[in-house]
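Single-letter residue listing:
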Amino acid sequence: MTRITPFTSPLLLGFDAMEKTLERIAKGNDGYPPYNIERIHGDDSSGEPERLRITLAVAGFSDDDLDVTTEENQLIIRGRQAETGERDYLHRGIAARQFQRMFVLADGMQVSKAELKNGLLSVDLIRPEPVRMVKKINILVPE
């Protein structure tokens, strides 16, 4: 059975990488750790631009247990806790499992900072104003 995707249109050229990214995202998210995404409006008086903030609930993880990287157009956040000896839990309700959470970034998005405070990891993203380019294409006419 042939699968038809929105990117098969002859008018959408070069979008096969985006299609693969969407498939990878659909497979990879299991809901842990929970997260919020919020828009923080810029402040004209201080010149601070509008930004997006991704906040993940990472209780029990230290900054050494977390890794925030960007690869191509993806923000990848990984958490891996080291086992600290044998413990005898009567009840274990705090998850201590490793995780990897991926977010696809639009072209031009940049990570401005990452901060861990009170069990919440906040990653701020900014989008610098794109430079508008108009390029004149010369038309060759054979003589």
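Look a little higher up for the structure.
Below is a short write-up of the structure. Since this is a predicted model, take the numbers as computed values, not measurements. (Residues numbered from 1 in each chain as written. Predicted model: local features only at pLDDT ≥ 70, side-chain atom pairs only at ≥ 80, totals over all residues. Heavy atoms only, no water.)

## A short note on the nonpolar core
- The biggest cluster of nonpolar side chains holds 15 residues, and the ones touching the most others in it are Val58, Leu75, Ile77, Phe99 and Leu125.
- Contributing elements (two or more residues each) for this core: strand S2 (51–57), strand S4 (74–79), strand S5 (99–104) and strand S7 (120–126).
- Per element, the largest residue contribution to this core is three residues, and it comes from S7.
- Those residues in contact with Leu75, other than ones at most four positions away along the chain, are Ile54, Val68, Thr69, Thr70, Arg101, Met102, Phe103, Leu105, Val111, Val123 and Leu125. (Core = buried A, V, L, I, M, F, W, Y, C linked by side-chain atoms within 4.5 Å. Buried < 20%, exposed > 50% of the residue type's maximum accessible area, 1.4 Å probe, protein only. Helix = DSSP H or I, 4+ residues; strand = E, 2+ residues; numbered from the N terminus. Contact = heavy atoms within 4.5 Å.)

## Details of the pattern of salt bridges
- Across all of its chains, the model carries four salt bridges by this definition.
- Across the pair Asp124 and Arg53 runs a salt bridge whose closest N-O atoms are separated by 2.7 Å. Of this pair, Asp124 sits in strand S7 while Arg53 is found in strand S2, placing the two residues 71 residues apart along the sequence.
- Looking at Asp124, the relative accessible area reads 1%, which means it is buried.
- With its nearest N and O atoms 4.0 Å apart, the salt bridge here joins Arg78 to Asp67. One end of the pair, Arg78, is in strand S4; the other, Asp67, is in strand S3 (residues 66–71), and 11 residues separate them in sequence.
- The partly exposed category is assigned to Arg78, whose relative accessible area is 29%.
- Of the residues examined, Asp67 reaches a relative accessible area of 36% and is grouped as partly exposed.
- Linked through salt bridges whose partners overlap, the residues forming this network are Arg51, Arg53 and Asp124. (Salt bridge = Lys/Arg side-chain N within 4 Å of Asp/Glu carboxyl O.)

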